[in-house]
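Residue-level structure breakdown
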Amino acid sequence: MNPATAILRFVRAPLVVTVWSHLLGGMMLTLWCPLPLWTGFTCVYLFGMAHNDWVDRERDKMLNPSRPLPSGALPVMAARRILALLTLGVAFSFFVGVNDPGIGAQAWWLPISFASALGY
């Protein structure tokens with residue numbers, strides 16, 4: 001498995017349309033979804049998927065050895081960097097959103113969602 005494929009499988013990139021469909025549904029109801037919220041929630045979703053693989057890496061050695069971490073296709077240090085970059089993406093989107101008068105308090109859903117992803 002090449003490195004790009006391993007990264008895409010680690011964050012489960014093809015499933016990101018799930019969060020985008022929810023954002024589009026909300027946007028159709030409110031006619032509003034600013035870019036910082038869009039990117040922030042995308043990062044939260046990808047972080048949650050990657051974090052799940054990180055937490056289950058030992059279990060996946062037995063149950064799903066073809067996943068990127070147990071198979072060795074994605075080095076542990078690379079996985080940590082990806083998780084850190086996604087965390088920074090959420091933080092950046094939050095700070096941009098909270099300082100935008102048009103978004104303001106709505107941006108607080110980003111850290112709440114991020115904490116939920118960590119707890120899951």
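1. As for the confidence of the model for the protein chain
Of the residues in the protein chain, 100% reach a pLDDT of 70 or more, and the chain-wide mean stands at 93. Per-element confidence in the protein chain is highest for helix H6 (residues 76-98), whose mean pLDDT is 96, and lowest for helix H2 (residues 17-30), whose mean pLDDT is 89.

2. Focus: the environment of tryptophan 38
Mapped onto the fold, tryptophan 38 is located in helix H3 (residues 35-55). Excluding anything up to four places from it in sequence, tryptophan 38 contacts Trp20, Leu23, Leu24 and Cys33.

3. Observations concerning the packing of aromatic side chains
Each aromatic ring pair is described using two quantities: the centre-to-centre distance and the angle formed by the ring planes. Enumeration over the complete set of coordinates arrives at three aromatic pairs. Note on phenylalanine 47 and phenylalanine 114: the rings are 4.6 Å apart at their centroids and 40° apart in plane angle, and the pair reads as tilted. Here phenylalanine 47, found in helix H3, pairs with phenylalanine 114, found in helix H7 (residues 109-119); they are 67 residues apart in sequence, far enough to count as distant. The same class applies to phenylalanine 47 and to phenylalanine 114, which are both buried. Above the face of the tryptophan 54 ring, arginine 57 is positioned so that its terminal group lies 3.8 Å from the ring centre.

4. A short note on the packing of H3 against H6
Running from amino to carboxyl end, H3 crosses H6 at an angle of 155°, the nearest separation of the two axes being 8 Å. Here H3 lies roughly antiparallel to H6, going by the angle between them. By crossing handedness, the relation of H3 to H6 is classed as left-handed. From H3, Pro36, Thr39, Gly40, Cys43, Val44, Leu46, Phe47, Ala50, His51 and Trp54 reach across to H6, where they touch Val76, Ala79, Arg80, Leu83, Leu86, Thr87, Gly89, Val90, Ser93, Val96 and Gly97. Of the residues that constitute the contact of H3 with H6, the class distribution is 13 nonpolar, seven polar and one charged.

Analysis parameters
Residues numbered from 1 in each chain as written. Predicted model: local features only at pLDDT ≥ 70, side-chain atom pairs only at ≥ 80, totals over all residues. Heavy atoms only, no water. pLDDT = per-residue confidence, 0-100. Helix = DSSP H or I, 4+ residues; strand = E, 2+ residues; numbered from the N terminus. Contact = heavy atoms within 4.5 Å. Phe/Tyr/Trp six-rings, centres within 6.5 Å; stacked < 30°, edge-to-face > 60°. Buried < 20%, exposed > 50% of the residue type's maximum accessible area, 1.4 Å probe, protein only. Lys NZ or Arg CZ within 6 Å of the ring centre and 35° of its normal. Axes fitted to C-alpha atoms, helices over the stretch in contact; angles between N-to-C directions. Parallel < 35°, antiparallel > 145°, perpendicular 65-115°, else oblique. Left-handed = near helix turned anticlockwise from the far one by under 90°. Nonpolar A, V, L, I, M, F, W, Y, C, P; charged D, E, K, R; others polar.

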